[in-house]
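In case you want the letters, here they are:
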Amino acid sequence: MRTLSQYGYHHIGTSGDCGVYQDVLSSLIEEEAYTISAWVYVVSGSGSVFLETYDGVDFARIQANTIGTGWQRITASDDIGADLTSACVWVGGSGEFYFDNMQLETGGISDFTYSATNLLVNPGFESAFASWSDWNDATRTWSYLGTDLGLQMRTFMEVTTPSSTVYRWAVG
């Protein structure tokens, strides 16, 4: 069993409300059921993935949380409301995690199939943080593990610090 994903979001958060998010309002049909899920490798702490909607008055959330450490697939499902003014998928938490293969799809958990249409853009972070935005200054890294002529393993990362300075480097 692998301990790290090929691509992924490496998250280190000091508070439960830091992470990355993606706006999904234009992808949703109001008053439908949706399932949100992700593969997560938990090093420490408690991580979450959720779909949060806002109708101009109230926030609603479909949320799945990690339990324990190691690789786990977290998932949650529920109906969303009507007259939405915003909707986003958020991932993060307090601790250290590797998030991969995020999925947002129509239907309940009983309808879930891994090959279902994913409403997220760049759900496995194959394109670093394209389509994702920072929330509350999480320290994040994007990891790619691949081979160079089959001989050398490389990791490419992008880190955003709380001061918003971006660093890129390769470790071979």
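The preceding data block contains the structure.
What this report covers is the structure whose coordinates are included nearby.

Conventions used here
Residues numbered from 1 in each chain as written. Predicted model: local features only at pLDDT ≥ 70, side-chain atom pairs only at ≥ 80, totals over all residues. Heavy atoms only, no water. Patch = residues over 30% accessible without salt bridge, like charges linked within 9 Å, V, L, I, M, F, W, Y side chains within 5 Å. Areas by Shrake-Rupley, 256 points an atom, 1.4 Å probe, with all protein chains shown as cover. Salt bridge = Lys/Arg side-chain N within 4 Å of Asp/Glu carboxyl O. Lys, Arg positive; Asp, Glu negative; His and termini not counted. Charge placed at Lys NZ, Arg CZ, Asp CG, Glu CD. Helix = DSSP H or I, 4+ residues; strand = E, 2+ residues; numbered from the N terminus. Buried < 20%, exposed > 50% of the residue type's maximum accessible area, 1.4 Å probe, protein only. Core = buried A, V, L, I, M, F, W, Y, C linked by side-chain atoms within 4.5 Å. Contact = heavy atoms within 4.5 Å. Phe/Tyr/Trp six-rings, centres within 6.5 Å; stacked < 30°, edge-to-face > 60°. Lys NZ or Arg CZ within 6 Å of the ring centre and 35° of its normal. Pairing = 2+ DSSP bridges. Polar contact = N/O pair within 3.5 Å; in protein donor to acceptor, adjacent residues only side chain to side chain.

**Points about a negative patch on the surface**
Then, number 1: Residues E30, E31, E32, D55, D58, D78, D79 and D83 make up a contiguous surface patch of negative charge.
Then, number 2: With respect to the helices and strands, the residue D55 is situated in the loop between β3 (33-54) and β4 (59-65).
Then, number 3: Given a relative accessible area of 32%, D55 falls into the partly exposed group.

**Digging into the nonpolar core**
Then, number 1: Core analysis: the biggest nonpolar cluster contains 28 residues, and L51, V89, M102, L104 and W132 have the highest contact counts within it.
Then, number 2: Broken down by secondary-structure element, the contributors of at least two residues to this core are β3, β4, β5 (70-79) and β6 (86-106).
Then, number 3: Not counting chain neighbours up to four residues away, the residues in contact with W132 comprise V20, Y21, Q22, V89, V91, M102, L120, V121, N122 and F125.

**Looking at the packing of aromatic side chains**
Then, number 1: As enumerated under the stated definition, the model contains 8 aromatic pairs in all.
Then, number 2: Between F97 and F99, the aromatic rings sit 5.6 Å apart at their centres with planes inclined by 50°, giving tilted as the arrangement. The exposure classification of F97 matches that of F99, with both residues buried.
Then, number 3: Following the ring pairs from residue to residue traces out a cluster consisting of W39, Y41, W71 and Y98.
Then, number 4: Seen from the ring of F50, R61 lies directly overhead, with NZ or CZ sitting 3.7 Å from the centre.

**Considering the pairing of strand β2 (residues 19-23)**
Then, number 1: The sheet contact formed by β2 and β6 spans 5 bridges and is antiparallel. Bridging from a neighbouring strand, G19 pairs with G92 of β6.
Then, number 2: As paired elements, β2 and strand β7 (residues 133-135) share 3 bridges and run antiparallel to each other. By the bridge assignment, G19 is partnered in β7 with W135.

**Comments concerning the side chain of Q22**
Then, number 1: With respect to the helices and strands, Q22 occurs in strand β2.
Then, number 2: Relative accessible area serves as the criterion here: at 3%, Q22 is assigned to the buried category.
Then, number 3: Polar contacts involving the side chain of Q22 include one to the main-chain carbonyl oxygen of V121, which spans 2.9 Å.
Then, number 4: Beyond its immediate sequence surroundings of up to four residues, Q22 is in contact with A87, C88, V89, L120, V121, S131 and W132.

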